[in-house]
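Report on the structure
This is what each chain is made of:
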Amino acid sequence: MFQKLSVFLVLVSVFLIRCDEDEDNNDIFVPTKEWQGVKKGQKIPKGLHVRINLETGQTEAKLLDDDDKLEDKTKALSAIPEDTRQEETPSQSPIPKSTLEEAVKNLKNDFSPEEFKKIKNQYRTYDDIKKSLNELNLTPKLDAEVIADLIKNHKEVASAEKFDKVELLKILEDLEFLAHQYDNAHEFVKQSGFGDIIYKNLNSSRVDVRKGTLKLMAALMQNNVPPKIHALETGAIAILLRLINLESDSGVKLRAVTALGALLRSFPAAQKKFIESGGLSVLSKFFDTDNIRVQIKVVTMVSDLLVEHQWAGNDDKMSKYYVSFDLTKRILEHEWCKKLNKLLLGLLITDKDDHDSIEKCLTAMHSLRVQCKDEYERELIISLRNRYEVLGAADADSSSSFFNVLKDLCDQILHHVHTSVKTEL
Ligand SMILES: *[C@@H]1O[C@H](CO)[C@@H](O)[C@H](O)[C@H]1NC(C)=O
């Protein structure tokens, strides 16, 4: 009887009534017999009918009708389905708290990711819903249970005799959807998700499964410290490097580099481990192939790290975490200047109008302009600069145009380049 989603949100709204027991907030909702909007922050006295409008997030409350029988008015909680049609109007009598809690528990067990997505599409945005739920202090538990269910489902699907790939990918996608929320990623770690799902799936013989898993992994670690620490401690760097090294599918390779980037970003301990594990040698191998997309991805990731180090070097508090290894020196040892030259040349030969990739390559060159200087090919950068000057001038709102940004990048690099070299492709 509590299967309807609209009921669920009204049920949880009832907990507002319980939340106001410690009273020092003097803004208390004054109920009448009509539905009235509850203002943000207002406390709701016990024993009222409360409902949340899922479309607007508006909470409304009113007094119970006189004929509502109450055994104990102060302890009673009520629930009213929100958009119930006339013919199925359920009893409006208050439901005892224990029954309510039981119902909410049951509901949550039935609350599949499918339904979760449905709410997302049906009602406003996920964030809005989370916010509404958050105000009721229910979200962490709710999400934790959804994650537990997904992990359980994953185990069942992965070990089933007849492997259902579509179902497994759906689970990974649902987890990824949840993983973007900080607390959820933490929860996933606590529930052994890395061991039970990530590392197992990365050994899967199926390309799609490896890809979906890497996407989930990157989402978990994006700007999120606890999962990063966990990943580092459980050997993620070696696992990702092995995958990058041995993987034959270039889509998987690309995703693995993305996951590695998410792990290394703003995390000097992981960067150190990456260097010590020979990570730069593994990444350097991409430059012996003609996979320009992965090369762009790699130089972008590395130049982000370089910029991070340069920033940290200027910050007293941060620098101590970064001095234990000289990233720039290690990168130069892998002939990064030559690699960047070659990549730029390759880009201009294959598609000189791929400005996004050229920008990424120039940005990477820019991050090493002081160190590489004369190793960069001057003539090439000059002609590129002139091309962007022309393109920028032809652009209507020119001063801030993308082409001018590219021209400025060239200028700043050229500032350090004095002599010409010849790069062989
Ligand atoms: C994945 O495969 C590697 C190499 O064969 C192995 O060392 C590792 O234990 C496997 N991991 C899992 C979780 O099965």
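The structure this text deals with has already been given above.
In short, a report on the structure. Since this is a predicted model, take the numbers as computed values, not measurements.

Bringing the environment of H180 into the picture now. Inspection of the secondary structure puts H180 in the loop between α7 (165–179) and α8 (182–190). For H180 and A218, which are 38 residues apart along the polypeptide, the C-alpha to C-alpha distance reads 9.5 Å.

Further remarks concern the site of the ligand. Near the ligand the following residues occur: Y199, K200, N203 and R242. N203 places a side-chain nitrogen or oxygen 2.3 Å from an oxygen atom of the ligand. Its residues assigned to classes, the shell around the ligand shows 1 nonpolar, 1 polar and 2 charged.

Bringing the nonpolar core into the picture now. Judged by nonpolar contacts, the single largest core of 90 residues is most densely connected at F188, F194, M217, L344, L362 and Y376. For this core, the leading source of residues is helix α13 (residues 250–264), giving 9 residues. Three or more residues apiece are contributed to this core by two domains, here domain 2 (141–264) and domain 3 (309–425). Once residues within four sequence positions are removed from consideration, F194 is found in contact with F188, V189, Y199, M217, L220, M221, P227, H230 and A231.

The next point concerns the state of the cysteines. Tallying each qualifying case throughout the model produces 1 disulfide. There is a disulfide in this structure between C337 and C372, and the S-S distance comes to 2.0 Å. Because the torsion about its S-S bond is -80°, the bridge between C337 and C372 counts as left-handed. Placement of C337 in helix α19 (residues 336–350) and of C372 in helix α21 (residues 369–372) is noted, with a sequence separation of 35 residues between them. We note that C337, like C372, is buried.

Along α8, the residues classified as buried are N184, A185, E187, F188 and V189. Phi turns positive, to about 60°, at S192, one or two residues after α8.

What follows is about the packing of helix α20 (residues 355–367) against helix α23 (residues 402–414). At their nearest, the axes of α20 and α23 sit 10 Å apart, and the two run at 30° to each other. As the angle between them shows, α20 and α23 are arranged roughly parallel. Crossing of α20 over α23 shows left-handed handedness. Across the interface between the two elements, H355, D356, E359, L362, T363, M365 and H366 of α20 pack against F402, F403, L406, L409, C410, Q412 and I413 of α23. Tallied by class, the residues present in the contact of α20 with α23 amount to 8 nonpolar, 4 polar and 2 charged.

To continue, consider the pairing of strand β3 (residues 59–62). Both faces of β3 are covered, namely the face carrying T59 and A61 and the face carrying E60 and K62. Both strand β1 (residues 36–38) and β3 contribute to a ladder of 3 bridges, which runs antiparallel. Across the sheet, the residue bridging to Q36 is A61, located in β3.

Taken as a whole and judged by the stated rule, the model has 13 salt bridges. A salt bridge links K165 to D208; the nearest nitrogen and oxygen atoms lie 2.8 Å apart. One end of the pair, K165, is in helix α7; the other, D208, is in helix α10 (residues 207–221), with 43 residues separating them in the sequence. A relative accessible area of 30% places D208 in the partly exposed class. Here the residues in one salt-bridge network are R385, E389, K407, D408 and D411, joined through shared partners.

Definitions and cut-offs
- Residues numbered from 1 in each chain as written.
- Predicted model: local features only at pLDDT ≥ 70, side-chain atom pairs only at ≥ 80, totals over all residues.
- Heavy atoms only, no water.
- Helix = DSSP H or I, 4+ residues; strand = E, 2+ residues; numbered from the N terminus.
- Near = heavy atom within 4 Å.
- Polar contact = N/O pair within 3.5 Å; in protein donor to acceptor, adjacent residues only side chain to side chain.
- Nonpolar A, V, L, I, M, F, W, Y, C, P; charged D, E, K, R; others polar.
- Core = buried A, V, L, I, M, F, W, Y, C linked by side-chain atoms within 4.5 Å.
- Buried < 20%, exposed > 50% of the residue type's maximum accessible area, 1.4 Å probe, protein only.
- Domains from an automatic or database assignment.
- Contact = heavy atoms within 4.5 Å.
- Disulfide = S-S within 2.5 Å.
- Axes fitted to C-alpha atoms, helices over the stretch in contact; angles between N-to-C directions.
- Parallel < 35°, antiparallel > 145°, perpendicular 65-115°, else oblique.
- Left-handed = near helix turned anticlockwise from the far one by under 90°.
- Pairing = 2+ DSSP bridges.
- Salt bridge = Lys/Arg side-chain N within 4 Å of Asp/Glu carboxyl O.

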